[in-house]
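# Structural characterization, general
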Amino acid sequence: MLYIIKEPNKPTRFKATEATIKELNSFKSTLANSKTLNFQFLSAEYFESVFNEASKKWTYSNKRKTQSAFVLQIIHRELRSAFLSLQGIADLPFYQRCAETNGKRYISQRATIEAEKPQIEVQATLKNGVYNLNCIIQINNQWYNLDDFEQLGALLRLNNKWYVASSNEIQLFNKLSEINQKEFRHDAKLFLENVIVPIEQTHKVNRTNCFPIEEIHVEPQKAVYLSEISGQFLTLNPQFSYDGFTVEGEFHPYKMFNIKGKEYKVVRNETVEKTFSKHLQSLHPNFAKQFNNSYFLSFADAKKKDWFLKVYHQLLDEECNILGMEFMQHFRFSEHPIETESKLLKTEGVLLFFSMKVSFGKEKVALKDLRKALLSNSSHVLLKDSSLGVLTDEWKTKYGTLIKHGKLKNNEIEIPQWIVFANKDLVQENVGLKQISQNWWGKWQKWQEEEKCFPEPKKLKATLRPYQQKGYEWLVLLSEIQAGACLADDMGLGKTLQTISFLAHLQEQKTDAHFLIVCPSSLIYNWKQEIEKFAPHLSTYIHHGSQRNLEDFFSEEAQVLITGYATLRNDIEQFSAVMWDALVLDESHYIKNLQAKTTKAIYQLHSKTKVALSGTPILNNTFDLYSQINFLLPDFLGGQEFFRNEYANPIDKQGNKEKIEVLSKLTAPFILRRTKKQVATDLPPKTESIMWCTMSQEQQDAYEYIKVRIRDSIFLQIKNEGFSGSKMGILAGITKLKQICDSPQLVQDAEIGTAKSVKMERLLNELENNLQGNKVLVFSQFNSMLKILAEEMNERNINHFHLSGETPIEKRAEMIEEFQSEQNHTTIFLLSLKAGNAGITLTAADYVFLLDPWWNTAIEQQAIDRTHRIGQDKHVFAYKMICKNTIEEKIIQLQSKKQFVSDELIKEEDGFVKQLSEEDIAFLLE
């Protein structure tokens with residue numbers, strides 16, 4: 001920068017010297033925007049210091065450049081910075097002093113430092129077989145050659161205008177000066193790779209005229225690229241490979257590629273690309289609203305029902321490449337499908353021994369590892385390469401139960417033969433199941449197709465209804481393969497008759513057979529009467545009372561021994577010493593508790609054939625089923641803990657429908673349940689309704705008083721002992737509230753000063769005024785309530801029967817027989833819900849009253865079905881008596897709200913009490 005001083009008195013003459021920092025700063029103060037300027041960058045001293053510093057740096061550099069080139073590069077960089085600081089300053093005049101074209105003299109003229117950035121473009125040319133690169137510059141929409149400018153590093157001068165180029169352009173200018181000296185300018189390939197490609201990293205090179213673009217016209221190869229988002233979502237991106245060039249995303253007619261300097265134009269196939277993208281979109285409902293040419297799905301949805309594995313192999317079958325699997329960290333599946341080889345090795349009694357080999361590609365998976373995965377409800381097993389082998393739904397259906405229930409030893413599985421009933425594919429693959437003959441399978445198939453398999457026993461004194469014939473044949477079929485059976489028909493469909501028919505069939509096969517029937521003591525004489533009625537040729541013996549002697553049964557050459565559960569438990573040593581030809585457990589839910597003494601005694605019995613009868617095999621929860629089925633089919637359902645974790649808890653606590661389906665399929669061949677609606681279409685209708693009762697003010701006050709005390713007590717106990725530790729207190733409190741709804745007399749409390757019971761008033765009014773001449777059953781869970789009712793009926797001279805747990809067995813049979821008699825004029829039967837809900841036929845009645853709601857709706861149905869069963873010819877009316885605005889009304893609401901899915905298994909009970917939560921308790925007591 002020059003400092004110009006005009007000579008005094010000689011305005012046309014001046015003296016020019018290099019400007020010092022001091023002189024520049026004195027001038028700087030005259031400028032309006034002087035604060036933004038740093039004039040030291042324009043001084044000779046500054047550039048002298050830059051030169052000296054750059055020279056030192058070169059000394060310590062790798063000396064790839066000469067010292068002159070190294071220093072000049074740094075000076076140009078600093079010079080560029082200085083000029084950038086001067087761009088666009090309007091009140092700072094600039095002048096340039098340049099040599100004339102002839103070089104004879106210098107002229108000074110006004111100049112400007114332009115703020116406009118030059119647009120640089122590189123052009124490749126081919127002339128006489130030699131390739132060159134030329135640089136053209138656009139300024140104000142006008143193009144110039146680089147030669148039109150004077151170049152000083154990053155500074156470009158065009159006449160009196162100065163432009164500042166970028167650092168990249170400085171490098172470009174340097175490269176261009178070097179390139180045009182290279183030998184490979186005669187070789188197109190080398191020129192592309194060594195010249196054009198490096199420059200194109202920073203600048204566009206126009207080379208169409210000398211390097212023609214190659215167009216690609218081929219059918220694309222379809223592919224899907226898999227990736228993950230946030231470790232939670234799986235993405236599927238459709239891709240298309242055109243002769244090795246991959247395109248994706250929104251469709252455009254073509255896409256350009258540059259490979260080592262050579263340009264390719266890929267012409268895309270719109271029909272193929274859009275058709276495939278639509279196909280991908282159709283693979284999952286969640287994709288329908290995703291239109292960005294990329295589809296995503298949560299890991300959970302991708303794994304559900306083996307969606308991903310199915311789609312994976314479907315796409316492979318459609319010749320679509322799957323890419324990206326190796327880069328996924330959280331969602332990485334083996335590309336190999338599961339392969340299984342199974343073979344029946346041998347049979348021992350009712351046991352089957354299989355060999356099984358499972359592999360993914362070349363890797364074999366141990367059965368114990370598969371079991372761990374299955375028991376943890378996983379659909380994957382970890383392989384040695386850290387990928388996941390997928391256990392498909394089809395594979396789990398076919399082999400899952402086998403592996404989970406069987407005893408494993410290396411590659412062998414030991415299972416009871418009955419498990420194969422739930423697996424037709426396994427049966428078909430292993431036709432050598434010798435102990436279950438093809439003849440038997442033929443009869444089993446015939447039975448399922450509603451064809452008659454066995455005639456009725458010749459000496460049977462009854463004509464079986466079609467569904468009873470089927471039940472009888474089913475018992476016979478299962479006995480032929482030593483399988484136990486649970487007949488779980490609805491109340492009143494003739495389970496007793498079907499069983500007697502089965503025993504008569506066995507007696508035809510073996511005339512000296514001995515049968516044992518175990519039942520509640522209240523049903524002992526009922527069984528005796530039914531056998532004498534339908535199969536009088538089968539002699540019976542009742543083992544009951546203080547004078548009982550098992551030797552008498554054999555000495556009298558009787559064939560059917562009938563005893564109660566309690567008696568059998570006491571005499572189990574005698575009973576367990578006998579090999580019975582058939583064992584019948586009536587009301588088999590009596591052995592639902594594995595730890596009970598009665599259950600342990602039953603498990604000690606030995607019999608060739610076992611039959612369980614129960615309208616409600618499951619009373620409270622799914623685990624009730626375990627003890628009964630395990631007795632009928634030992635080891636069929638695995639160990640206790642296995643069954644509890646695999647089925648009972650998921651079903652009862654989570655309502656797991658998949659577990660219900662598996663258990664139902666597994667047990668279905670051995671549990672036969674028909675409802676009256678299904679098979680007894682000739683039964684008269686049954687009408688069930690609620691009889692709402694509004695308590696008097698005195699009874700309502702008593703109820704509210706007790707409710708407040710119970711509620712405070714219960715929630716204090718929950719606070720101190722926790723919810724699980726308060727169950728007994730909760731049930732006791734709820735029971736007391738139900739009692740006061742029946743009658744305040746049931747609650748011993750000095751503060752209650754009324755004995756009025758709206759239910760007693762409503763019931764007695766119906767009996768005295770509306771139901772004279774009709775036979776009526778009245779049930780209550782509280783025997784004390786029935787006693788109060790009986791006393792009131794005695795005072796009113798209303799004849800009635802009263803059956804409870806205290807009623808002797810012989811007396812029960814007499815009352816039932818008399819009530820059923822047409823000559824009988826005692827039309828009212830009071831029954832406790834537990835004592836009168838099983839094995840009793842009271843078809844003479846056509847009205848049923850339930851005084852209080854029972855948690856177990858199935859037991860309520862059993863009570864009603866004492867009269868609504870085969871033999872009933874009248875319309876049956878059943879009434880639940882419920883007090884408004886009380887816990888009874890809320891119980892009804894909860895029963896409806898908490899309908900449990902276990903109906904789909906075999907039961908009608910929802911384990912109601914055990915399903916109550918703390919919120920439910922608050923609802924009941926609010």
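In this report, the structure presented in the accompanying data block is examined. (Residues numbered from 1 in each chain as written. Predicted model: local features only at pLDDT ≥ 70, side-chain atom pairs only at ≥ 80, totals over all residues. Heavy atoms only, no water.)

## Quick word on the pairing of strand S9 (residues 155-158)
Under the convention used in this document: Exposed residues in this analysis have more than 50% of their type's maximum accessible area, buried residues have under 20%, and partly exposed residues fall in between, with area computed by a 1.4 Å probe over protein chains only. Helix and strand assignments follow DSSP, with helices taken as H or I runs no shorter than four residues and strands as E runs no shorter than two, numbered in order from the N terminus. Paired strands are those between which DSSP finds at least two bridges.
Where burial is concerned, the two faces of S9 agree: the one with Leu155 and Arg157 and the one with Leu156 and Leu158 are both buried. Direction of pairing for strand S8 (residues 150-152) relative to S9: antiparallel, over a ladder of three bridges. Along S9, the bridge assignment pairs glutamate 150 with arginine 157. The turn joining S8 and S9, which pair antiparallel and follow one another in sequence, is formed by two residues; a positive phi near 65 degrees is taken by glycine 153. Relative to strand S10 (residues 161-164), S9 is paired through four bridges, and the arrangement is antiparallel. The partner of arginine 157 across the bridge, within S10, is tryptophan 162. Counting the residues in the hairpin turn of S9 and S10 gives two residues, including asparagine 159, whose phi is positive at 60 degrees.

## Some words on a nonpolar patch on the surface
To keep it simple, the criterion reads: Two distance rules govern patches: like charges are joined within 9 Å, and nonpolar side chains (Val, Leu, Ile, Met, Phe, Trp, Tyr) within 5 Å, applied only to residues with over 30% relative accessible area and no salt bridge. Surface accessibility in these figures is a Shrake-Rupley result with a 1.4 Å probe; residues are shielded only by whichever protein chains are displayed. For this document, the term salt bridge refers to a Lys or Arg side-chain nitrogen within 4 Å of an Asp or Glu carboxyl oxygen.
Together, Leu2, Ile4 and Phe14 make up an exposed nonpolar region whose accessible area comes to about 300 Å². Counting through the fold element by element, isoleucine 4 comes out in strand S1 (residues 2-7). A relative accessible area of 45% means that isoleucine 4 is categorised as partly exposed.

## Section: the packing of helix H12 (residues 438-448) against helix H13 (residues 466-480)
This is how the line gets drawn: An axis is simply a line fitted to the C-alpha atoms; with a helix, the fit covers only the stretch in contact. Between two such axes, the angle follows the N-to-C directions and lies from 0 to 180 degrees. By the definition adopted for this analysis, an angle is roughly parallel if under 35 degrees, roughly antiparallel if over 145, roughly perpendicular if from 65 to 115, and oblique otherwise. Left-handed describes a crossing whose near helix is turned anticlockwise from the far helix by less than a right angle; the clockwise case is right-handed. When checking whether two residues touch, look at their non-hydrogen atoms; a contact exists if any pair is within 4.5 Å. Residues are sorted three ways: Asp, Glu, Lys and Arg are charged, Ala, Val, Leu, Ile, Met, Phe, Trp, Tyr, Cys and Pro are nonpolar, and all the rest, Gly among them, are polar.
Running from N to C, H12 and H13 cross one another at 160 degrees; their axes reach a closest spacing of 11 Å. With respect to H13, the element H12 is oriented roughly antiparallel. Crossing of H12 against H13: the hand is left-handed. Residues Trp440, Lys443, Trp444 and Trp447 of H12 touch H13, and the partners they reach there are Lys470, Glu473, Trp474, Leu477, Leu478 and Glu480. The residue inventory of the contact of H12 with H13, partitioned by class, reads six nonpolar, no polar and four charged.

## Some details on the state of the cysteines
Cysteine pairs can be covalently joined through their sulfur atoms, and such a bond is termed a disulfide. Note the following rule: A pair of sulfur atoms, both from cysteines and within 2.5 Å, is called a disulfide here.
Taken as a whole, this structure holds zero disulfides when the rule is applied. Cysteine 519 forms no disulfide, and the closest cysteine sulfur to it belongs to cysteine 486, at a distance of 16 Å. Take cysteine 519: its relative accessible area is 0%, and that puts it in the buried class.

## A look at the pattern of salt bridges
Summed over all chains, the structure comprises 29 salt bridges. Measuring nitrogen to oxygen at the nearest pair gives 2.9 Å for the salt bridge that ties lysine 443 to glutamate 480. Linking lysine 443 in helix H12 with glutamate 480 in helix H13, this pair joins segments that are 37 residues apart in sequence. Its relative accessible area of 38% is what places glutamate 480 among the partly exposed residues. Arginine 548 is the salt-bridge partner of aspartate 571, the closest N and O atoms lying 2.6 Å from each other. Of this pair, aspartate 571 sits in the loop between helix H17 (565-570) and helix H18 (572-575) while arginine 548 sits in the loop between strand S29 (540-543) and helix H16 (550-555), and the two are 23 residues apart along the sequence. For aspartate 571, a relative accessible area of 9% corresponds to the buried category. The network of salt bridges with common partners includes Lys404, Glu646 and Lys659.

## Side note on helix H27 (residues 783-795)
What counts here: One less than the residue count of a helix, multiplied by 1.5 Å, gives the span that helix is expected to have.
Here H27 spans 19 Å end to end across 13 residues, near enough to the 18 Å set by a 1.5 Å rise per residue. Packed against the buried residues of H27 are helix H25 (727-742), helix H26 (758-770), strand S37 (776-780), strand S38 (801-803) and strand S39 (828-832). Phi for asparagine 797, located one or two positions after H27, is positive at around 60 degrees.

## With respect to unusual backbone geometry
Located in the positive-phi region is glutamate 587, a residue other than glycine, with phi close to 50 degrees. One can find glutamate 587 in the loop between strand S32 (582-586) and helix H19 (597-602). One non-glycine residue with positive phi stands out, namely aspartate 635, at about 70 degrees. Here aspartate 635 is to be found in the loop between helix H20 (623-632) and helix H21 (640-654). Given the relative accessible area of 45%, aspartate 635 is considered partly exposed.

## A short note on the sheet that holds S37
Across the sheet, which stays open at both edges, the six strands sit in the order S36-S41-S40-S37-S39-S38 with parallel pairing between neighbours. The sheet is open, and its two borders are formed by strand S36 (686-693) and S38, each paired with just one other strand. Each neighbouring strand pair of the sheet contributes to a mean axis angle of 20 degrees, computed without reference to strand direction. Pairing analysis gives four bridges linking S37 to strand S40 (residues 847-850), with the strands arranged parallel. Bridged to leucine 777 within S40 is valine 848. Contacts from H26 reach S36, S37, S39, S40 and strand S41 (876-883) within the one sheet, and its direction differs from that of S36 by about 130 degrees.

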